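Geometric and topological summary
The lines below spell out each chain.
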Amino acid sequence: MSLHDGSLSGLLSRAAENRPLPDGGIILAGTPLGDPFDASLRLIDALGSADVIAAEDTRRTRALAETLGVKITGQIVSNFDHNEESRAPSLVEHARTGKRVLIVTDAGMPSVSDPGFPVVFAAHESGVPVTCLPGPSAVPTALALSGIGMGHFAFVGFAPRKDGARRSWFREFFGDATHATCFFESPHRIASTLKLAAEELGEQRDAAVCRELTKTFEEVKRGTLGELAEWASGGVRGEISVVIGPASEESAADPAAVVGEVEQRVAGGERLKAAAGEVARAHGLSKRDVYEAVLASRAG
């Protein structure tokens, strides 16, 4: 069913009447991940009625409003990673004086790995009301599309930039996790991140790379960490969310249980690191954990 201008106008009117937007408060609003027509009716209403719009990128917010046929009548200001701390007091003061202050980011929900938290914190501290217009978020979208079974999940933001920190991060948050875990990654680092994940968590761990969600070139690539690392080595573009499945019972086992297999391969002429890698791959274990288990066994 398509919506004509008349029926859309009627829906907007009914939406505004059903739950009027507050005056004198902070409004967080989820914006489309890619397809602008995922915008909610209440977001459309808010873009056209807010006194102040704090946007991660003012140009993108203006472009979204234009696509949706909304005329922005309020003041629009930037609110991004490098100025949001200093911007928060003035936004809260606008809200305190009775102005309707809308917080939006380029895509998804403000304050979820995006600008927005400082103003929400400041508003609560000052007793200024805060409300939210639910909308798109890459996390549940990626989890739903991943095909990775879960009863519950964790979201851990962006992967660390440095290799050492990423290795520790994988061991801490993913090592023996009993749930699916979602995180964001840059297209420039996704190949190295998946390679490190395979080394730390085992090449057989189930995972999915979800890119360009809701956009023209949306893609969900599902497989083991080893398979995905090889696939990503050829280059991946776009906005990326990664879902890694829970540790299997076998991968959660003590790597010491396979030390004998490694030593047999070494006795047959293989180098220790290569043997540890092959045995780890066969059992869905971390190469590093198996290698260190062998060294610990020899030292003991």
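This one's a predicted model, so the numbers in the text were calculated from it and none came from an experiment.

Focus: unusual backbone geometry
Backbone geometry places E212, a non-glycine residue, at a positive phi of 55 degrees. Looking at the element boundaries, E212 is found in the loop between β8 (206–211) and β9 (219–224). Residue classification places E212 among the buried positions, given a relative accessible area of 16%. You will see that T214, though not glycine, has its phi angle at about 70 degrees, which is positive. Given the relative accessible area of 25%, T214 is considered partly exposed.

Points about the pairing of strand β6 (residues 153–158)
Sheet topology places β6 next to strand β7 (residues 180–185); 4 bridges connect them, and they run parallel. From the neighbouring strand, F155 faces β7, where its bridge partner is C182. A crossover connection joins β6 to the parallel β7 through helix α7 (residues 163–173); in handedness this β-α-β unit is right-handed.

Some points on the packing of aromatic side chains
As enumerated under the stated definition, the model contains 10 aromatic pairs in all. Summarising the aromatic geometry, the rings of F117 and F121 are spaced 6.0 Å apart at their centres and angled 35 degrees between planes, so their arrangement reads as tilted. Placement of the pair is F117 and F121 together in helix α5 (residues 117–126), with a separation of 4 residues, close to one helical turn. The exposure class of F117 is exposed, given its relative accessible area of 51%.

Considering helix α9 (residues 225–232)
Along α9, the residues that are buried comprise L225, G226, L228, A229 and A232. Along α9, the residues classed as buried sweep out an arc of 165 degrees about the axis, all on the same side.

What about the sheet that holds strand β2 (residues 52–55)?
Here 5 strands make up an open sheet; going across it, the order is β3-β2-β4-β1-β5 and the pairing parallel. Both outer strands of the open sheet, β3 (75–78) and β5 (130–133), are each paired with one neighbouring strand and no more. Between one strand and the next, the sheet's axes are offset by a mean angle of 25 degrees, whatever the strand orientation. With 4 bridges joining them, strand β1 (residues 25–29) and strand β4 (residues 100–104) adopt parallel strand pairing. By the bridge assignment for β4, I26 is matched with V101.

What to know about the nonpolar core
F170, F174, F183, L194, L225, V242 and I244 are the most contacted members of the largest nonpolar core, which totals 22 residues. In terms of residue count, the dominant contributor to this core is helix α8 (residues 190–201) (6 residues). Ignoring sequence-local partners within four residues, the contact set of F170 consists of G175, F183, T193, L196, A197, E200, L201 and I244. I27, A29, L68 and I76 belong to the second largest nonpolar core, which has 20 residues in total.

Criteria and cut-off values
Residues numbered from 1 in each chain as written. Predicted model: local features only at pLDDT ≥ 70, side-chain atom pairs only at ≥ 80, totals over all residues. Heavy atoms only, no water. Helix = DSSP H or I, 4+ residues; strand = E, 2+ residues; numbered from the N terminus. Buried < 20%, exposed > 50% of the residue type's maximum accessible area, 1.4 Å probe, protein only. Pairing = 2+ DSSP bridges. Right-handed = clockwise from strand over helix to strand, strands pointing away. Phe/Tyr/Trp six-rings, centres within 6.5 Å; stacked < 30°, edge-to-face > 60°. Arc of directions from axis to C-beta. Axes fitted to C-alpha atoms, helices over the stretch in contact; angles between N-to-C directions. Core = buried A, V, L, I, M, F, W, Y, C linked by side-chain atoms within 4.5 Å. Contact = heavy atoms within 4.5 Å.

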